[in-house]
Amino acid sequence: MEIVSAPFKGRSLLTWKDWSPQEIETLLELSLCVKAQAHNGDIQQRFLGKTIALIFEKRSTRTRCAFETAFGEEGGHPVFLSLQDIQLGGKESVQDTARVLGRMFNAIEFRGFKQQHVEELASFSGIPVINGLTDEYHPTQALADIMTLKEQFGALQGLHICFCGDGRNNVARSLMLICAKLGINFSVYAPRELFPDNAIQTLCKPFAAASGAKITISDEKSVVKNADCLYTDVWVSMGEESLKTERTKLLASYQVNESLMSATGKSSTIFMHCLPAVKGQEVTESVFESAQSVVFDEAENRKHTIKAILLSVL
């Protein structure tokens, strides 16, 4: 696939809200292309002479490794910046940090708490900014998830993915949004206290109407019926550790186990998880290690989708 970046050059990815279904499909095709290149040992140097600032307020395995290897393999120079390294939002405002980094780097990745911070970086830096995770959204994870679905099932339109557990979290919100854009039926199996908020439901509604996607939110187990994929995440997100006992009690009956996988009524149902997983809590080890689990394909695809995004915007 020829890489045609002109339509995306200079754009930021903060959420999937401002990306059309056709643009997302283009990124998916490019992701599959760069994955094939990587597996074939086709070495490129498309980021030669370019730099990216990787800002991490939160720890990371997949996001950091994906950005560093994707950029470095292409001849670029990634610079890791933790809060111990820079003054972001402390001694120096986010806006001023953005204007400094914008004069020194070709792109910025931000993984932190506030969506407002990644939006300010994009507004003031003048260079592409990629959201590597905030409390509200995790768009690069969602693209890797959809790439994995495409590899497993081919066509995306009409598939059904069901998120089980904390329906308010950034992964659930991002999946709801990208599925609404692409015509993938999306359901949430969660206690009412952890239903996705009204704002994300309202945002997704017109996109789902346009694509034909059906969005269903329920605390009834029957919502997993006919799901092509059961997806879950940890019960306690970063920054909410004090709620561990409460969340464990609230979510115990929403665990993805063999019984819940069988409840889909499909032997072809796959299991996905953004990782890291707490086996024995949100998912049993038997499901996590089963042939239906594609979590490590999904993890690898973080790298290829991130490379595709960076190739497109740079």
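Before reading further, recall that the structure is shown in the block above.
Residues numbered from 1 in each chain as written. Predicted model: local features only at pLDDT ≥ 70, side-chain atom pairs only at ≥ 80, totals over all residues. Heavy atoms only, no water.

**Student:** Where do I start with the packing of helix α2 (residues 62–73) against helix α11 (residues 295–313) in this structure?
**Tutor:** When two helices pack together, you describe them by how their axes are tilted relative to each other and by the distance separating the axes. Close contact between α2 and α11 brings their axes to 8 Å; oriented N to C, the two are set at 50°. Between α2 and α11, the angle is such that the two are oblique. Considering only the axes of α2 and α11, their crossing is right-handed. In contact with R62, T63, A66, F67, T69, A70, F71 and E73 of α2, α11 contributes A299, R302, K303, I306, K307 and L310. (Axes fitted to C-alpha atoms, helices over the stretch in contact; angles between N-to-C directions. Helix = DSSP H or I, 4+ residues; strand = E, 2+ residues; numbered from the N terminus. Parallel < 35°, antiparallel > 145°, perpendicular 65-115°, else oblique. Left-handed = near helix turned anticlockwise from the far one by under 90°. Contact = heavy atoms within 4.5 Å.)

**Student:** Just checking my understanding: could you explain the sheet that holds strand β7 (residues 215–218) for this structure?
**Tutor:** Backbone hydrogen bonds are what pair the strands of a sheet, in a parallel or an antiparallel way. Within the open sheet, the five strands sit side by side as β7-β6-β5-β8-β9. Their pairing is parallel. Only two strands of the sheet have a single neighbouring strand rather than two, namely β7 and β9 (270–273). In this sheet, neighbouring strand axes are inclined to one another by 20° on average, regardless of whether the strands run parallel or antiparallel. Looking at chain direction, strand β5 (residues 160–164) and strand β8 (residues 229–232) are connected through four bridges and run parallel. From the neighbouring strand, I161 faces β8, where its bridge partner is C229. Strand contacts of helix α5 (residues 139–153): β5, β8 and β9, with the helix running at about 165° to β9, the strand carrying the most contacts. The sheet contacts of α11 involve β8 and β9, and relative to β9 the element is tilted by about 45°. (Pairing = 2+ DSSP bridges.)

**Student:** Where do I start with the environment of K307 in this structure?
**Tutor:** Tracing the sequence through the fold places K307 in helix α11. On a C-alpha basis, the gap between K307 and F71 in space is 6.9 Å, while along the polypeptide they are 236 residues apart. The residues touching K307, leaving out its near neighbours within four places in the chain, are V34, F47, A70, E73 and E74.

**Student:** What should I look at first to understand the nonpolar core in this one?
**Tutor:** The tendency in soluble globular proteins is for nonpolar side chains to be buried as a group. The biggest cluster of nonpolar side chains holds 60 residues, and the ones touching the most others in it are W16, I146, L149, I161, I178 and Y231. The leading source of residues in this core is helix α6 (residues 170–182), at nine residues. Formed by 20 residues, the second largest nonpolar core is a distinct cluster that contains Y189, W235, F271 and V283. (Core = buried A, V, L, I, M, F, W, Y, C linked by side-chain atoms within 4.5 Å. Buried < 20%, exposed > 50% of the residue type's maximum accessible area, 1.4 Å probe, protein only.)

**Student:** What should I look at first to understand the layout of surface pockets in this one?
**Tutor:** In this approach the atoms are scanned with a rolling probe the size of a water molecule, which exposes any empty space left behind. Counted as a void, the largest pocket has a volume near 870 Å³. What lines the largest pocket is a set of 36 residues, and nearest its centre among them are V234, V236, S237, M238 and P276. Listed by contribution, the elements that provide at least two residues to the lining of the largest pocket are α2 and α6. Tallying contributions element by element places α6 first for the lining of the largest pocket, with three residues. Counted by class, the lining of the largest pocket contains 11 nonpolar, 10 polar and 15 charged residues. (1 Å grid on protein atoms, 1.4 Å probe; cavity = no way out; pocket = protein on both sides within 12 Å on 5 of 7 lines; lining within 4 Å. Points joined across faces, edges and corners; volume = space filled by probe spheres on them. Nonpolar A, V, L, I, M, F, W, Y, C, P; charged D, E, K, R; others polar.)

**Student:** Teacher, can you tell me more about the packing of helix α1 (residues 21–39) against α6 here?
**Tutor:** It is at 9 Å that the axes of α1 and α6 come closest, and there the two elements cross at 105°. The angle between α1 and α6 places the two elements in the roughly perpendicular class. Contact residues: α1 offers P21, I24, E25 and L28, while α6 offers I178, K181 and L182. For the contact of α1 with α6, the class distribution of residues is five nonpolar, no polar and two charged.

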